[in-house]
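Here is what each chain is made of, one letter per residue.
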Amino acid sequence: MPELPDVEVYKLLVEGSCLNRRIARAEVLDASMLAGIGRDELESALRGATISSVRRHGKHLFIGLGGSAWLELHFGMTGYLEFFPEAGGRTKHERLRLDFEDTSRLVYDCQRKLGEIGLIDDPETFIRQKGLGPDPYAGNLDRSRFAELVSSKRGSIKAALMDQSLLAGIGNVYSDEILLAAGLHPKAKAAELSQEDLTRLYEAMGRILSGAVERGADPGNMPGFLVAQRRPEGTCPRCGGSVQKLTVSGRSAYLCPRCQG
DNA sequence: TTCCATGTTCCGCA
DNA sequence: TTGCGGAACATGGA
């Protein structure tokens, strides 16, 4: 589920397990996922590099390779990272494998291949070129700026939250979580929200994103969240009522009609 | 077999 | 100009 909280968890994983490790061997297992670089070029850029830092903006992860190069990862709908302390760890749909000198291994897996693997010089430039909006995690975006951005959109509030050029990192699942926590209907017009609505929304966003990261963004370990109820017969984690499914701006939206009337 | 899926991008149409 | 619906991408589970 690679939205902001998931990618933040991957960032913490790489920071906790790969920092200062030197890559002995890099293997691209599916070159069709590479963006703007060839297999040989990427593998040789990775080989011998030491992981020096990790950054995240929205749904993008940037792994510093020392010097001025960064490995850039996007996870599409099905991508994830897994770290293996021992040699030989495998996952089902490996697309990139980094073997460190101490035989530990980091695998990028992406079943549906809708993600992206790239090599960039500078995250700031990349973010600008992609046209990504500010990242709303952990106080990176203040309330008044958030209100200004959201109010500037003409469409639904759900579409606004998911617009990566407005705010980077919120996708379909977390937009639903945030709207339930704020008690706002996904089809409400962004530009028509009151200051009180915007404040509730901002605070709900902060709580949901931080809460999800604290729980490892694991749907099986997120009591009080809507994520496990995205199904027929799902019940609202706040009031116990039935969850409703709608299509909003082309995506499936789950909501509680009672809490989000 | 058909429908659906956490993302992004492009096209046509309001 | 903005936004929406639909399709495409690639793959697999229900």
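Heads up: the structure comes first, above all this text.
Conventions and cut-offs
- Residues numbered from 1 in each chain as written.
- Chains lettered and ligands numbered in written order.
- Predicted model: local features only at pLDDT ≥ 70, side-chain atom pairs only at ≥ 80, totals over all residues.
- Heavy atoms only, no water.
- Helix = DSSP H or I, 4+ residues; strand = E, 2+ residues; numbered from the N terminus.
- Buried < 20%, exposed > 50% of the residue type's maximum accessible area, 1.4 Å probe, protein only.
- Axes fitted to C-alpha atoms, helices over the stretch in contact; angles between N-to-C directions.
- Parallel < 35°, antiparallel > 145°, perpendicular 65-115°, else oblique.
- Left-handed = near helix turned anticlockwise from the far one by under 90°.
- Contact = heavy atoms within 4.5 Å.
- Nonpolar A, V, L, I, M, F, W, Y, C, P; charged D, E, K, R; others polar.
- Pairing = 2+ DSSP bridges.
- Near = heavy atom within 4 Å.
- Polar contact = N/O pair within 3.5 Å; in protein donor to acceptor, adjacent residues only side chain to side chain.
- Phe/Tyr/Trp six-rings, centres within 6.5 Å; stacked < 30°, edge-to-face > 60°.

> Quick question: what am I supposed to make of unusual backbone geometry here?
Among all residues except glycine, the phi angle is most often negative; among peptide bonds, the trans geometry is most common. A positive phi angle, close to 60°, is found at Lys113, a residue other than glycine. Secondary-structure assignment places Lys113 in the loop between β7 (105–110) and β8 (116–120). The backbone phi angle of Ala217 is positive, close to 50°, even though this residue is not glycine. Relative to the elements of secondary structure, Ala217 occurs in the loop between α7 (195–214) and β9 (244–248). Accessibility expressed as a relative area gives 8% for Ala217, which makes it buried.

> How do you make sense of the packing of helix α4 (residues 143–151) against α7 when you look at a structure like this?
As a packed pair, α4 and α7 sit with axes 10 Å apart at the nearest point and diverge in direction by 115°. Between α4 and α7, the angle is such that the two are roughly perpendicular. For α4 against α7, the interelement crossing comes out right-handed. Judged by residue contacts, Arg143, Phe146, Ala147, Val150 and Ser151 of α4 engage Gln195, Leu198, Thr199, Leu201, Tyr202 and Met205 from α7. Among the residues making up the contact of α4 with α7, the classes are represented as seven nonpolar, three polar and one charged.

> Before we go on, may I ask you to explain the pairing of strand β6 (residues 94–100) in this structure?
Regular strands have side chains that alternate between both faces of the sheet. Within β6, seven of the seven residues are buried, leaving the element largely enclosed by the surrounding structure. As paired elements, β6 and β7 share five bridges and run antiparallel to each other. Paired with Leu98 across the bridge in β7 is Leu106. Once β6 ends, the chain turns through four residues before running back antiparallel as β7, passing Thr103 with a positive phi of about 75°.

> How do you make sense of the protein's contact with DNA strand C when you look at a structure like this?
Contacts to DNA strand C come from 13 residues, most closely from Arg112, Lys113, Arg154, Ser249 and Gly250. Each atom of DNA strand C within 4 Å of the protein belongs either to a base or to sugar and phosphate, the latter forming 77%. Taking Arg154, its main chain carries an N or O atom lying 2.7 Å from a phosphate oxygen of DNA strand C. Ser156 is positioned with one of its backbone polar atoms (N or O) 3.3 Å from a phosphate oxygen of DNA strand C. Here the residues of the surface near DNA strand C are counted per class, giving two nonpolar, six polar and five charged.

> Help me understand the packing of aromatic side chains in this model?
The description of an aromatic ring pair rests on the distance of the ring centres and on the angle between the ring planes. Enumeration according to the criterion identifies four aromatic pairs in this entry. Between Phe62 and Phe126, the aromatic rings sit 5.5 Å apart at their centres with planes inclined by 75°, giving edge-to-face as the arrangement. Placement of Phe62 in strand β3 (residues 60–64) and of Phe126 in helix α3 (residues 123–130) is noted, with a sequence separation of 64 residues between them. Side by side, Phe62 and Phe126 carry an identical accessibility label, which is buried. Between Phe75 and Tyr108, the ring centres sit 5.6 Å apart and the planes meet at 45°, which makes this aromatic pair tilted. Here Phe75, found in the loop between β4 (70–74) and β5 (79–84), pairs with Tyr108, found in strand β7; they are 33 residues apart in sequence, far enough to count as distant.

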